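# Structural features, examined
Below, each chain spelled out in residue letters.
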Amino acid sequence: MSKRKKGFRFAIRGRHFTLGFPFLWLTLFFALPFAIVLKISFSTAAIAIPPYEPTFTYADQLLNVALNLGNYLLLLDDALYYTAYLGSLKIAVVSTLGCLLLGYPMAYAIARAPVKMQTVLLLLIMLPSWTSFLIRVYAWMGLLADTGLINNVLLWLGAIDEPLKILNTNIAVYIGIVYAYLPFMVLPLYANLVKMDMSLLEAAADLGSRSINTFWNITLPLSKGGVIAGSMLVFIPSVGEFVIPELLGGPDSLMIGKVLWQEFFNNRDWPVASALAIVMLGLLIIPITLFHHYQARDLEKEA
Amino acid sequence: MKKLSFSTVMLWLGLIFLYAPMFILIFYSFNASKLVTVWGGFSAKWYVELFKDQQILDAVWTSLEIAFLSASMAVVLGTMAAFVMTRFRRSWAKLSLSNMITAPLVMPEVITGLSLLLLFVHMADLIGWPAERGRLTIWLAHSTFCAAYVAVVVSSRLRELDMSIEEAAMDLGATPLKTFFLITVPMIAPALTAGWLLSFSLSLDDLVIASFASGPGATTLPMVVFSSVRLGVSPKINALATLIILAVSLIAFLSWYFARRAEKRAKAAMEQ
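Residues numbered from 1 in each chain as written. Chains lettered and ligands numbered in written order. Predicted model: local features only at pLDDT ≥ 70, side-chain atom pairs only at ≥ 80, totals over all residues. Heavy atoms only, no water.

- Chain A carries the name Binding-protein-dependent transport systems inner membrane component in an unreviewed UniProt entry, which gives Shewanella amazonensis as its organism.
- We quote the UniProt Subcellular location (unreviewed entry) comment for chain A here in full: "Cell membrane".
- Entered under Sequence similarities (unreviewed entry) in the UniProt record, the comment concerning chain A runs "Belongs to the binding-protein-dependent transport system permease family. CysTW subfamily." (UniProt positions renumbered as here; feature names shortened; annotations may be inferred.)

## Comments concerning the overall build of chain B
- Scanning chain B from terminus to terminus reveals eleven helices and zero strands.
- Starting at the N terminus and ending at the C terminus, chain B contains elements arranged as α-α-α-α-α-α-α-α-α-α-α.
- Over its C-alpha atoms, taken along the principal directions, chain B stretches across nearly 70 × 70 × 35 Å.
- Burial analysis of chain B (272 residues in total) assigns 53% to the buried set.
- In chain B, once contacts between residues fewer than 6 apart in sequence are set aside, the share between residues at least 24 apart is 71%. (Helix = DSSP H or I, 4+ residues; strand = E, 2+ residues; numbered from the N terminus. Buried < 20%, exposed > 50% of the residue type's maximum accessible area, 1.4 Å probe, protein only. Contact = heavy atoms within 4.5 Å.)

## Side note on the overall build of chain A
- Helix and strand counts for chain A stand at 13 helices and two strands.
- A principal-axis box enclosing the C-alpha atoms of chain A has dimensions of 85 × 80 × 35 Å.
- Here chain A, with 303 residues, has 50% of them falling under the buried criterion.
- Counting contacts in chain A only where the partners sit at least 6 residues apart, residues at least 24 apart contribute 70% of the total.
- Charge centroids of chain A, computed over 20 positive and 18 negative side chains, lie 22 Å from each other. (Lys, Arg positive; Asp, Glu negative; His and termini not counted. Charge placed at Lys NZ, Arg CZ, Asp CG, Glu CD.)

## Describing the packing of aromatic side chains
All names here are of chain B.
- The tally for this structure, following the rule as stated, stands at 32 aromatic pairs over all chains.
- Ring geometry for Phe 83 versus Phe 180: centroids 5.3 Å apart, planes at 90 degrees, classification edge-to-face. Of this pair, Phe 83 sits in helix 3 (residues 54-87) while Phe 180 sits in helix 8 (residues 176-205), placing them 97 residues apart in sequence.
- Their ring planes at 15 degrees and their centres at 5.2 Å tell us that Trp 196 and Phe 200 sit as a pair that is stacked. Of this pair, Trp 196 and Phe 200 are both found in helix 8, four residues apart, which corresponds to roughly one turn of the helix. (Phe/Tyr/Trp six-rings, centres within 6.5 Å; stacked < 30°, edge-to-face > 60°.)

## Section: the pattern of salt bridges
- Scanning the model with the defined rule gives five salt bridges over all chains in all.
- For the salt bridge of B:Arg230 with A:Glu246, the shortest nitrogen-to-oxygen distance reads 3.0 Å. In this pair, B:Arg230 sits in the loop between helix 10 (221-229) and helix 11 (235-271) while A:Glu246 sits in helix 11 (residues 243-248), so the two residues belong to two different chains.
- Taking the relative accessible area as the measure of exposure, B:Arg230 reaches 42% and is therefore partly exposed.
- Between B:Arg157 and B:Glu160 there is a salt bridge whose closest N-O contact spans 3.6 Å. In this pair, B:Arg157 and B:Glu160 both sit in helix 6 (residues 135-160), three residues apart, roughly one turn of the helix. (Salt bridge = Lys/Arg side-chain N within 4 Å of Asp/Glu carboxyl O.)

## Considering helix 10 of chain B
- Burial within helix 10 of chain B is extensive, with seven of its nine residues counted as buried.
- Taken residue by residue, helix 10 of chain B has B:Leu221, B:Pro222, B:Met223, B:Val224, B:Val225, B:Phe226 and B:Val229 as its buried positions.

## Side note on the packing of helix 6 of chain B against helix 8 of chain B
Residues and elements named next belong to chain B.
- Contact pair helix 6 / helix 8: the axes reach a minimum separation of 9 Å and the direction vectors enclose 145 degrees. Relative to helix 8, helix 6 is oriented so that their crossing is right-handed. For the pair helix 6 and helix 8, contact is made by His 142, Phe 145, Cys 146, Tyr 149, Val 150, Val 153, Val 154, Arg 157 and Leu 158 and by Thr 184, Met 187, Ile 188, Ala 191, Leu 192, Ala 194, Gly 195, Leu 198, Ser 199, Leu 202 and Ser 203, respectively.
- Split into classes, the residues belonging to the contact of helix 6 with helix 8 amount to 14 nonpolar, five polar and one charged. (Axes fitted to C-alpha atoms, helices over the stretch in contact; angles between N-to-C directions. Left-handed = near helix turned anticlockwise from the far one by under 90°. Nonpolar A, V, L, I, M, F, W, Y, C, P; charged D, E, K, R; others polar.)

## Regarding the domain arrangement of chain A
- Its domain assignment divides chain A into domain 1 (14-65) and domain 2 (78-268).
- The centre of domain 1 of chain A, based on its C-alpha atoms, is set 37 Å off from the matching centre of domain 2 of chain A. (Domains from an automatic or database assignment.)

## Considerations on unusual backbone geometry
Residues and elements named next belong to chain A.
- Phi at Asn 168 takes a positive value of approximately 65 degrees, unusual for a residue other than glycine.
- Mapped onto the elements, Asn 168 comes out in the loop between helix 6 (149-157) and helix 7 (170-194).
- For Asn 168, a relative accessible area of 34% gives the class partly exposed.
- The backbone of Arg 268 shows a phi angle near 50 degrees, a positive value even though the residue is not glycine.
- Counting through the fold element by element, Arg 268 comes out in the loop between helix 12 (256-266) and helix 13 (270-302).
- Judged by its relative accessible area of 44%, Arg 268 is partly exposed.

## Focus on the side chain of A:Thr96
Residues and elements named next belong to chain A.
- The residue Thr 96 is located in helix 3 (residues 79-112) in this model.
- At a separation of 2.5 Å, a polar atom in the side chain of Thr 96 contacts the main-chain carbonyl oxygen of Ala 92.
- Apart from residues lying up to four places away in sequence, Thr 96 is in contact with Met 185, Ser 231, Val 234 and Phe 235. (Polar contact = N/O pair within 3.5 Å; in protein donor to acceptor, adjacent residues only side chain to side chain.)

## A short note on the pairing of strand 2 (residues 62-65) of chain A
Residues and elements named next belong to chain A.
- Note that strand 1 (residues 56-59) and strand 2 share four bridges and pair antiparallel. Looking at strand 2, one finds that Ala 59 is bridged to Leu 62.
- With antiparallel pairing between neighbouring strands as the criterion, strand 1 and strand 2 make up a hairpin whose turn holds two residues, including Asp 60 at a positive phi of roughly 50 degrees. (Pairing = 2+ DSSP bridges.)

In structure tokens form, the structure reads like this:
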């Protein structure tokens, strides 16, 4: 009896610990940091360590809260930030479409392949995304450079007379993002397409629908969840991308992740960098919620 | 001959697109010429140069140490979170934990990095800890974002698991802790291994978050690679990149293998 009681008490404590420990860890190292970013985005930059003025000061029984809206107004005022946000969104949208156009047929082909081949093909898709991201972006530098392999081959074939300028342009950034994020598009699409009820497609074929018609009217609408999940997995991180525009892009491929990095490390303007991060998060709230919504729905369906 | 469909052609083109740059990089790492793009004969001299570079060797060691410790912590955190997500009743705490643990999966790295750095600066200001940023702060940062991946891998395994075995053990008088270590852990061990290896390779690869969380005391390998790559393409980096690709592919393949074996075993057990 007493052993049982002890076990019961232990179970209660164990449950609390299992929930409490990761909860506290994530509150401390994930949620709280965002609150601090929000706070610093309202403070004034100063030449000090750390380089900003305190938001809350307490003296003579008077709590002073100094909220500086200047950082946000600066984002509106200075064309640099405005251009960077628009540039990021444009690059992310175009790259996401590129991933979708290439990734959808790939996922479709894998889902229709023999079951044994499917696991091998999936491994082939996943492997590159697990090898170093930085190295894979670096590999493209040697390919796209003016004296790089692609230009050399084209010159040798006589297709062009002088090297094409690809490295340090937006084209290179598109190639880099599509290349780096393609697996994130293919995997959710595959997971969706492989679960599709084939009898619907057979019924359509029996009723005389042509395969293109069947695709547009049945397959594509049914895979909407996969398209949205994949697109969000590509779109969200590419908006904040830093490594790809820094290595492959030129001075005109202004992206917000790069600007944030420069404000923080080169200009040491922490408040403006924080404001940039908050606005970026604001822009991403809708895609992030959309992603979570479709993820949660998928999980519920499985359960 | 079977007619090739449009999607199959795209699949092969996509796979060539994914693999060609890496194979070309590996090929050029054996180039004797100093110019990266001109072929000057076969040579392994850049590998020899690489092993003479003390800065790179130090960075490799730092990265391995951080990756090992981060992966271990991430498995502990991620498994606990996965357990809460699959076994606990619906409550606000469970809901906010599952939201918080999956958030780092989609968060842009610059935001995660910036926010963690600001946290460490604040903590140092308020309680004097951490006194300086370095291995410890990178470890904290990496454990947090890798835990998200572990939670996904482990929770999908826990969801498939037959709960009646655990219930039987508890009915026979085993404490929950004993049940967990003697019954649950062996059953999810391949998922834990896969999660550990995945975290290890993620931590080894991370540049952005490590750059924010680190101080003058600790430089990881991606940070060294990035600062030299910024200056242009160099044959020594080609050699280093080749070794990284081979090492990480091996880890990735192992983690896939363990996850796969677990699936097969589970299927075999269900069929019995």
